[in-house]
Amino acid sequence: MQVLQRYFLWIFLMIMGCKSFNEKELATKYYPEGKYIKIQNFEIFVLEKNLEAVKSKKTPIILIHGFSSNVHTWEFFLKELDKDYPVIAMDLPGFGFSSKPDTSYSREGYVNFIEDIRNYYKFEKIILIGNSMGGEIALRYTLLYPDNVQQLVLIDSAGLLEFQDLPWFLEVARNVVVDMFSFLFTNKISINYMLKSAFYNPNLVDEKKKDLYYYPLKTKGGIYAHKSLLRSKYKKIEISELQKLSTSTLILWGEYDKWIPLKYAFIFKTYIPNSILVIIPECGHVPQEEKPEESIFYIRNFLKTNT
C-alpha cells in the first residue's frame, strides 16, 4: 500500500512540475519598476533605488540574495535603505527573473559578476550585503577586492558550511540522481516545505513568498542553473583568509537558523578581526524577511558608526 501511495505522489508531483513560465512576464507582473541590463552573456534583472545619491558621494549598497532566492528577499531593505543610500538589488545569473542560459554556474563566477556590476555602474567603493550564498559571494569578493568594499554585512552567511550541515534536501539535490527527480524541486508542495524550514515562524510564509520562489524555478533553465551550481567545485573559505580581512564587517544571524547553524556565526566572529556579531532572537535563516525591522535597525547603526 505504501509503495502505491508513493507512486501516485510521484505522478502527482511530476504533473505539477510540467508547466513553465516566462521570466520577463513574471518580472513585469511583480516588479514593473525593474529593468534589465546586459552583463556578460546574461540579461540581469535589477531594481535600482536612489542612484542619484552617488553624485553626493554616498556609497552605493549592492544586495546579494541567497541560493534559489531573488530580489523579493530585499523588498523591505530596498524601501528603507534607499532613504540614505543608493541601492541595487539584482537577480544573480541563473536565478529569479534574470536569464538562465545553458552554461556553468559557480561561486567564482558570481564573484566576477559582482565586479562586472560594479564596473557597469562605475561605482568606486561599495557596501555589500549578502544573505546565505549571497553572503559567501560578498565575502569572497571582499577577500579578492578588499579596496573596493567599504563595509560588509553577512546575513546567515555560507562560506564555511560543511556538507553534513546542509539541509537534507540540498544534500539530495547535489546528488546526480536528482536528474530523475527535478520535479521534486519545482512544485509548490516542496517549495512550501523548504521555505517554512527557513523560517522560525512558518506562518510568515504566505502565498506571495511561495509564488516568488516557485515561479523563477519554473522558467527556462531554472532547475538546470540550480543543479549546475550545486555540483560546481566547492572549497570552503579558510580561517587564514578570514584573519586577513580588514573590512569592517557586521555578522547578522537568526538564532534558530536550520539551514546554516548558529555555530558558524561564532566562527566568523572569532576570526574576522574587525567584526560585530548580532543574533536576532526567534528568527531563522532569512532575517531580512522574517525580522526586517530589527535587521535594518542593526544594519543602519553599523553603516553609520563604522564608515
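Residues numbered from 1 in each chain as written. Predicted model: local features only at pLDDT ≥ 70, side-chain atom pairs only at ≥ 80, totals over all residues. Heavy atoms only, no water.

Asks: If you had to explain the layout of surface pockets to someone new, which residues and values would you point to?
Replies: Empty space within the second largest pocket amounts to approximately 200 Å³. Around the second largest pocket sit Val54, Lys57, Lys58, Thr59, Pro60, Lys122, Phe123, Glu124, Lys125 and Gln150, which together line it. When its residues are assigned to classes, the lining of the second largest pocket shows three nonpolar, two polar and five charged. (1 Å grid on protein atoms, 1.4 Å probe; cavity = no way out; pocket = protein on both sides within 12 Å on 5 of 7 lines; lining within 4 Å. Points joined across faces, edges and corners; volume = space filled by probe spheres on them. Nonpolar A, V, L, I, M, F, W, Y, C, P; charged D, E, K, R; others polar.)

Asks: Hey, could you go over the side chain of arginine 140 for me, with residue numbers and the actual values?
Replies: Along the chain, the position of arginine 140 falls in helix 5 (residues 133-144). When neighbours within four sequence positions are excluded, arginine 140 is seen to be in contact with Arg107, Val111, Gly159, Tyr234, Lys235, Lys236 and Ile237. (Helix = DSSP H or I, 4+ residues; strand = E, 2+ residues; numbered from the N terminus. Contact = heavy atoms within 4.5 Å.)

Asks: Which residues make up the pattern of salt bridges, and what are the values?
Replies: Going through the model one piece at a time under the given rule, you end up with 14 salt bridges. One salt bridge connects glutamate 48 with lysine 35, and the closest N-O pair in it is separated by 3.5 Å. Here glutamate 48, found in strand 2 (residues 42-49), pairs with lysine 35, found in strand 1 (residues 35-39); they are 13 residues apart in sequence, far enough to count as distant. Residue classification places glutamate 48 among the partly exposed positions, given a relative accessible area of 29%. Here glutamate 75 and lysine 208 are joined by a salt bridge, their closest N and O atoms 3.2 Å apart. Taken together, the residues span a long stretch of sequence, with glutamate 75 in helix 3 (residues 75-81) and lysine 208 in helix 8 (residues 207-217) at a distance of 133 residues. Take lysine 208: its relative accessible area is 39%, and that puts it in the partly exposed class. Overlapping salt bridges, with partners in common, bring together Glu80, Lys83, Asp84 and Arg300 in one network. (Salt bridge = Lys/Arg side-chain N within 4 Å of Asp/Glu carboxyl O. Buried < 20%, exposed > 50% of the residue type's maximum accessible area, 1.4 Å probe, protein only.)

Asks: Can you break down unusual backbone geometry residue by residue, with the values?
Replies: Even without a glycine there, the phi angle at glutamine 40 is positive, about 55°. Mapped onto the elements of the fold, glutamine 40 is located in the loop between strand 1 and strand 2. According to the relative accessible area criterion, glutamine 40 is partly exposed, its value standing at 42%. You will see that aspartate 156, though not glycine, has its phi angle at about 45°, which is positive. Assignment of secondary structure puts aspartate 156 in the loop between strand 6 (149-155) and helix 6 (168-174).

Asks: Could you give me a rundown of the nonpolar core, with the residues and numbers involved?
Replies: The biggest cluster of nonpolar side chains holds 90 residues, and the ones touching the most others in it are Leu63, Met90, Leu128 and Ile129. Residue contributions to this core peak at six residues, all from helix 4 (residues 107-121). (Core = buried A, V, L, I, M, F, W, Y, C linked by side-chain atoms within 4.5 Å.)

Asks: Explain helix 13 (residues 292-305) residue by residue, including any values.
Replies: The end-to-end C-alpha distance of helix 13 is 20 Å, a good match for the 20 Å that 14 residues give at a rise of 1.5 Å each. Residues Pro292, Ser295, Ile296, Ile299, Arg300, Phe302 and Leu303 constitute the buried set of helix 13. Projection of helix 13 onto a plane perpendicular to its axis shows the buried side chains occupying an angular sector of 165°, all on one side. Set apart from the buried face of helix 13 by more than 90 degrees, the exposed residues are Glu293, Lys304 and Thr305. (Expected span 1.5 Å × (residues − 1). Arc of directions from axis to C-beta.)

Asks: Go over helix 2 (residues 23-30), please, and point to the residues and values.
Replies: Those residues of helix 2 lying buried are Glu23, Leu26, Ala27 and Tyr30. On an axial view of helix 2, the arc spanned by its buried residues comes to 100°, and they lie on one face. Opposite the packed face of helix 2, turned more than 90 degrees from it, sit the exposed residues Glu25, Thr28 and Lys29. Along its buried surface, helix 2 packs onto strand 1, strand 2 and helix 8. Sitting at the amino-terminal end of helix 2 is asparagine 22, which places a side-chain oxygen 2.9 Å from the backbone nitrogen of lysine 24. (Polar contact = N/O pair within 3.5 Å; in protein donor to acceptor, adjacent residues only side chain to side chain.)

Asks: Lay out the side chain of histidine 226 in plain terms, naming residues and giving numbers.
Replies: Relative to the assigned elements, histidine 226 resides in helix 9 (residues 222-230). Sequence-distant contacts of histidine 226, that is, excluding residues within four places in its chain, are made with Phe67, Ser68, Gly94, Phe95 and Leu217.

Asks: Mind laying out the pairing of strand 3 (residues 61-64), listing which residues take part and the relevant values?
Replies: Burial of strand 3 is two-sided: the residues Ile61 and Leu63 facing one way and the residues Ile62 and Ile64 facing the other way are all buried. In this view, the connection linking strand 3 to its parallel neighbour strand 4 (residues 87-90) by way of helix 3 has right-handed handedness. Pairing between strand 3 and strand 5 (residues 126-131): four bridges, direction parallel. Within strand 5, the position partnered with isoleucine 61 by the bridge is isoleucine 127. (Right-handed = clockwise from strand over helix to strand, strands pointing away. Pairing = 2+ DSSP bridges.)

Asks: Can you break down the environment of isoleucine 126 residue by residue, with the values?
Replies: Counting through the fold element by element, isoleucine 126 comes out in strand 5. Taking the C-alpha atoms as reference points, isoleucine 126 and lysine 58, 68 residues apart in sequence, are found 9.5 Å from one another. For isoleucine 126, the residues in contact, after removing those within four places along its chain, are Thr59, Pro60, Ile62, Arg118, Tyr141, Asn148, Val149, Gln150 and Gln151.

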